[in-house]
Amino acid sequence: MCSKVNKQIPHYCAPTSPFSLSYDGRAPRLAHPPPDRGQGPHLTVSRVSASLTQPVLTPAHTGLYECRVDFFRSPTHVNLVNLTVIEPPSSVAIVDNHAGASSRGRLLGPYPEGSQLTLSCLVTGGIPTPNILWQRDGSEIKIEAVESSEQKVTRSDLKVSALPRSWNNANVTCSAWNSDLTHPISASVTIHMYLSASSVVVQGTAATVSGQLASLQCWARGSTPPATLSWAINGQPLHPHREESSITEGVSTSEVEVKVTPADNGAVVSCSAINPAVDTIKPPTNTTKLVVYYPPTVSVEFGLSIEVKRLKEGDDVYLRCKVSANPPPDKITWFHEDRPVLPNRTRGIIMSGDSLALQKVDRHMAGQYRCAASNHLANATSRPLPLKLAYKPVCMMPSTTTYFIYDQPINVTCHIASHPPATRIDWYWNSGNDIISLQPTSSIPETMTRRPPPLSSDWDRSWARLSVRPSKHQEDRQLSCWANNIMGRQEMPCRFFIRVAQTPAPVSSCRLANITASSVSLTCVRPPHPQPGTTQYFAEVTCRLPFSYICFSQRYINRISFLHITDSSIS
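This section reports on the structure supplied with the text.

How each quantity is defined
- Residues numbered from 1 in each chain as written.
- Predicted model: local features only at pLDDT ≥ 70, side-chain atom pairs only at ≥ 80, totals over all residues.
- Heavy atoms only, no water.
- Phe/Tyr/Trp six-rings, centres within 6.5 Å; stacked < 30°, edge-to-face > 60°.
- Helix = DSSP H or I, 4+ residues; strand = E, 2+ residues; numbered from the N terminus.
- Buried < 20%, exposed > 50% of the residue type's maximum accessible area, 1.4 Å probe, protein only.
- Lys NZ or Arg CZ within 6 Å of the ring centre and 35° of its normal.
- Pairing = 2+ DSSP bridges.
- Polar contact = N/O pair within 3.5 Å; in protein donor to acceptor, adjacent residues only side chain to side chain.

Observations concerning the packing of aromatic side chains
Consideration 1: Taken as a whole and judged by the stated rule, the model has three aromatic pairs.
Consideration 2: Aromatic pair Tyr428 and Trp482: ring centres 6.2 Å apart, planes at 20 degrees, arrangement stacked. Residue Tyr428 is located in strand β39 (residues 424-429), and its partner Trp482 is located in strand β42 (residues 477-485); the two are separated by 54 residues in the primary sequence.
Consideration 3: Residue Tyr428 is classed as partly exposed on the basis of its relative accessible area, which comes to 22%.
Consideration 4: In this structure an aromatic cluster arises from ring pairing among Tyr403, Trp427 and Phe496.
Consideration 5: Over the aromatic face of Trp429 sits the side chain of Arg477, whose NZ or CZ is 4.6 Å from the ring centroid.

Quick look at the structure:
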């Protein structure tokens, strides 16, 4: 605007731009008017002021304008006016640099959860350079820098290094403005994402008996698209007896039935929610533990410090009853040779939990040991565990055995128990120094009818047989046998009393009595003897004609068998 200081004095306004407008007060006309008065600037002069009007401003009109007034008698007045023309931005677009998608579709993605997101806001036009503001659901997002290009496009980059799931369906807006005189222009996009499950829940039956079916359920929520559920047991794929899967309102459900065994007790069962659109090494997973009830399985083993092959009398032996059961066994019972073992500290028998301690064992403690355990499902007994103790040979027969010798040689047998088996058995007569050594036989002869005492069900038995001839002096003698093994010599020998037996005198005055259809009695008078009871008499029935048919009658023979011996006679 050019204002007139003295209306009597002519003045004009002229900008510093290439064109100028002037007014000569001496003649009411314009000097050098613009070519197009309709679109170009024009000067309006009144008695009080003069104004310069530009109908349509463009950035080209920006500049410094000069208003100068010349007077006839006064100095010239000059005023400068700086005109700034603001050009608002013309358009805004949001572009995904990697995918090449733009905001024209209003939907960007889908993006996997945790992926990197880079969006560019491209603002076309605008003088001065526009300001750019990023917002997510109405909240400002801080960015690092704004870049401009030479094609009158201003760019601002929004970078998210790991896209969180909270950005799913978020509305992202980019606004641009360069003056408070105009309203901002903006562009908005909606972020669509592929999401892993936000929660995975696994449930199952509290406890299942071995051999039955355990039911397990798994739910997964928050996955986009809905997740596929995968089962595993102890890190290995689970092969269920039955499986049912469904998807309802975005919730994935899977129910399986598994036939359990004792080995499954405590097994970790996992359910993983796998989103095929999300490339992840560890999908969301939840776990549960199986509880399996099963009857006991029992075994007996030696303690870790026991050298089984070197056990001997006097050692301490520790046995452990190894029980696998759920619930744990109510009690544990020990057996030795099928007889219950009771705690006895005096004898060195100590029980504690699943352990049995035998202190300073002797050969009577050798044998088969078992243990039994029970819970509410069943009772179980282990297989026997043999306990073998190395010990010196001992005699298996009574302390002294009596043999009678007549006019023929007799065989005297020495029975030995030892572990390891005896390597040599020595015989000697108490009346002499001669020693007879024999190699033992490691078995029991058929002539042995007396069962050994129940020291062990797996004895190492040895025996040796010595042929004894009648003595020339017809006198009683004593004979002993000693056995040896790697543990040493037998401490107490097996003793034998060899007595000379006289030929028994015959009986007399025999007669038949009490003859019935079912029995007959034979009565005889015993001859005098210095030691009554040392001689045994036997009755023998022979058949003679004409009663031979009676002998061949089985019924009659059975009746004859009722004959018996009394102290005073033979019947």
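Picking up where we left off.
Thoughts on the pairing of strand β38 (residues 410-419)
Consideration 1: Of all ten residues in β38, nine are buried; the element is thus mostly enclosed.
Consideration 2: Bridge count for strand β36 (residues 391-395) against β38 is three bridges, and the pairing is antiparallel. Each residue of the ladder has a partner; that of Val394, found in β38, is Ala417.
Consideration 3: Bridging between β38 and strand β41 (residues 461-468) involves eight bridges; their strand directions are antiparallel. Directly across from Cys414, in β41, lies its bridge partner Ala464.

Things to note about the environment of Arg155
Consideration 1: Structurally, Arg155 can be placed in strand β15 (residues 153-160).
Consideration 2: The class of Arg155 is partly exposed, set by a relative accessible area of 32%.
Consideration 3: Separated by 34 residues in sequence, Arg155 and Cys121 place their C-alpha atoms 5.5 Å apart.
Consideration 4: Looking at Arg155, its side chain comes within polar contact range of the side chain of Asp157, at 3.5 Å.

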